[in-house]
Amino acid sequence: MFEAQTFDDIMDRMLARVTADIDTREGSVIYNALAPAAAELAKSYIWLDTVLELVFSDTAQGEFLDRRAAEAGIERTPATKAVRAGEFTAGITIPPGSRFFVDNLYFQYTGDGTLECETAGEAGNAGISGQNLLPLDTIPGLEKAVMRDILIPGREEEDDNSLRARYFTRVRREAVSANKQHYKQWAEEVDGVGRAKIFPLWNGAGTVKVVITNANLEPASDILIKKVKDYIDPDEGQGEGQAPIGAAVTVESAVWKEIEISASVLPELNSSIDDVKAEIEKGVLNLFKKMAFEENTVRLSQINNIVYNSASVSDYADIKMNGAAENLVLSDVEIPKLKEVTILEQTR
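Residues numbered from 1 in each chain as written. Predicted model: local features only at pLDDT ≥ 70, side-chain atom pairs only at ≥ 80, totals over all residues. Heavy atoms only, no water.

The name given to the protein chain in an unreviewed UniProt entry is Baseplate J/gp47 family protein, and the organism recorded there is Bacillus amyloliquefaciens. UniProt annotates the protein chain under Sequence similarities (unreviewed entry) with the comment "Belongs to the Mu gp47/PBSX XkdT family." (UniProt positions renumbered as here; feature names shortened; annotations may be inferred.)

The structure is reproduced here in structure tokens:
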């Protein structure tokens, strides 16, 4: 908005007000006297441009977006802690709050028999399944303590884009009166939930099915499913949660759709088949994560683009998904999972 308010433009206007009998050339007394003020004014216009961007919700960032969202009753979702399963000596009682250590991470044993990471964020999602846990408290009879799978992934603090999207949903009143968007909003408010799909009237009048992924956009655990159910509709139809009276809510997990990718590839001179495979796998995994519960069709053209744009690929042909050179349609509750990438090397 103030792009034209540069130092030179401001100086030109200031010098134009000086009488013609005074030397205004660069380096003159009057020029040197006005230059510092012009520089400060130019800097002020730059800050004014920045301020205008920070007060509008479509361009605000950080704490300024927080303050704008707070006007609509929305707060940035803080980082959440990972919850994992543990395997312990059978028959012993572990007091809730008991602490365990593994791989520079501390975990607390919770009342429902799981382990919660003390560090918020994605740190607790580390690949430590199968590692032995070191108890920091004396627990009589404990001979075995092993870390197991992630039940609820930890998640970093909500970023600006996600907060902005929730703000727009609220102020544009897309989620109101228990409509589909409202159920989606409720489900995704629960710590550990990534995305949700809503199926109204799926089993007759008053029924609503909510299908969720975890924060890593993977199928949800039973614990996470229960958390969502308890938040939305703990006592079916009674209106004790977020859902209105009379609504019978069922919560289920998304399911994997395993996909195999195959292609015939000519690597670049300085690249190996392993380089090609690793690069294609990375691109496909990123694609599948973006698609989860957003698109229902994995298009062959998308896989072609990944292979075509791979730096390690010189030429390619015969790309297939699950053995067929065609698009792959997912069901409403499926999310794509890369099972395997098979690369056949072309000869030069």
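On we go from here.
A. Representation of helix H7 (residues 273-291) in the model. The end-to-end C-alpha distance of H7, which contains 19 residues, comes to 27 Å, matching closely the 27 Å that a straight helix rising 1.5 Å per residue would cover. Of the residues making up H7, those classed as buried are Val276, Ile280, Val284, Leu287, Phe288 and Met291. All buried residues of H7 project into a common sector of 95° when viewed along the axis, lining one side. Facing away from the buried side of H7, by more than 90 degrees, are the exposed residues Asp274, Lys282 and Lys290. Taken from the residues just after H7, Phe293 is the one with a positive phi, measuring 60°. (Helix = DSSP H or I, 4+ residues; strand = E, 2+ residues; numbered from the N terminus. Expected span 1.5 Å × (residues − 1). Buried < 20%, exposed > 50% of the residue type's maximum accessible area, 1.4 Å probe, protein only. Arc of directions from axis to C-beta.)

B. Just the nonpolar core, in detail. Counting 23 residues, the largest nonpolar core has Phe288, Val298, Ile303 and Met321 as its most contacted members. Per-element tally for this core: the top contributor is H7, with six residues. If sequence neighbours within four positions are ignored, Val298 has contacts with Ile259, Phe288, Met291, Ile303, Met321, Asn327, Leu328, Leu330 and Pro336. Counting residues in hydrophobic clusters, the runner-up holds 21 residues, among them Val190, Ile212, Leu224 and Val249. (Core = buried A, V, L, I, M, F, W, Y, C linked by side-chain atoms within 4.5 Å. Contact = heavy atoms within 4.5 Å.)

C. Expanded view of the UniProt feature "domain: Baseplate J-like central" (unreviewed entry) in the protein chain. The UniProt record marks residues 176-252 with the feature "domain: Baseplate J-like central" (unreviewed entry), using the residue numbering of this structure. A helix fraction of 27% and a strand fraction of 27% characterise residues 176-252, whose end C-alpha atoms lie 23 Å from each other.

D. Representation of the side chain of Lys209. As for its placement among the helices and strands, Lys209 is situated in strand E8 (residues 207-214). Not counting residues up to four positions away in its chain, the partners in contact with Lys209 are Lys197, Ile198, Phe199, Trp202, Thr250 and Glu252.

E. Focus on the pairing of strand E3 (residues 105-109). Here E3 shows one buried face, formed by Leu105, Phe107 and Tyr109, and one open face, formed by Tyr106 and Gln108. The pairing of strand E2 (residues 99-102) with E3 spans four bridges and is antiparallel. From the neighbouring strand, Arg99 faces E3, where its bridge partner is Gln108. Taking the residues that link successive antiparallel strands as the turn, the E2-E3 hairpin has two residues, and the phi of Asp103 there is positive, at about 50°. Bridge analysis of E3 against strand E4 (residues 115-117) gives three bridges, and the strand direction is antiparallel. What sits directly across from Gln108, in E4, is Glu116. Counting the residues that bridge the hairpin from E3 to E4 gives five residues, and of these Gly113 lies at a positive phi of roughly 85°. (Pairing = 2+ DSSP bridges.)

F. A look at a negative patch on the surface. The grouping of Asp8, Asp9, Asp12 and Glu26 at the surface amounts to a negative patch. Mapped onto the secondary structure, Asp8 falls in helix H1 (residues 7-16). (Patch = residues over 30% accessible without salt bridge, like charges linked within 9 Å, V, L, I, M, F, W, Y side chains within 5 Å. Areas by Shrake-Rupley, 256 points an atom, 1.4 Å probe, with all protein chains shown as cover. Salt bridge = Lys/Arg side-chain N within 4 Å of Asp/Glu carboxyl O. Lys, Arg positive; Asp, Glu negative; His and termini not counted. Charge placed at Lys NZ, Arg CZ, Asp CG, Glu CD.)

G. Main features of the pattern of salt bridges. The full count for this structure, using the stated rule, is 17 salt bridges. Between Lys229 and Asp233 there is a salt bridge whose closest N-O contact spans 3.4 Å. Overall, the relative accessible area of 1% leaves Asp233 in the buried class. Via salt bridges that share partners, Asp66, Arg76 and Asp160 belong to a single interconnected network.

H. Spotlight on the packing of aromatic side chains. All told, the structure shown has five aromatic pairs when counted by the stated rule. Plain terms: the ring middles of Phe88 and Tyr109 are 5.5 Å apart, the flat faces sit at 85° to each other, and that makes the pair edge-to-face. On the criterion of sequence distance, the pair formed by Phe88 in strand E1 (residues 83-88) and Tyr109 in strand E3 is long-range, its members being 21 residues apart. Judged by its relative accessible area of 16%, Phe88 is buried. Aromatic side chains Tyr183 and Trp186 sit 5.0 Å apart centroid to centroid with 75° between the ring planes, which places their arrangement in the edge-to-face category. (Phe/Tyr/Trp six-rings, centres within 6.5 Å; stacked < 30°, edge-to-face > 60°.)

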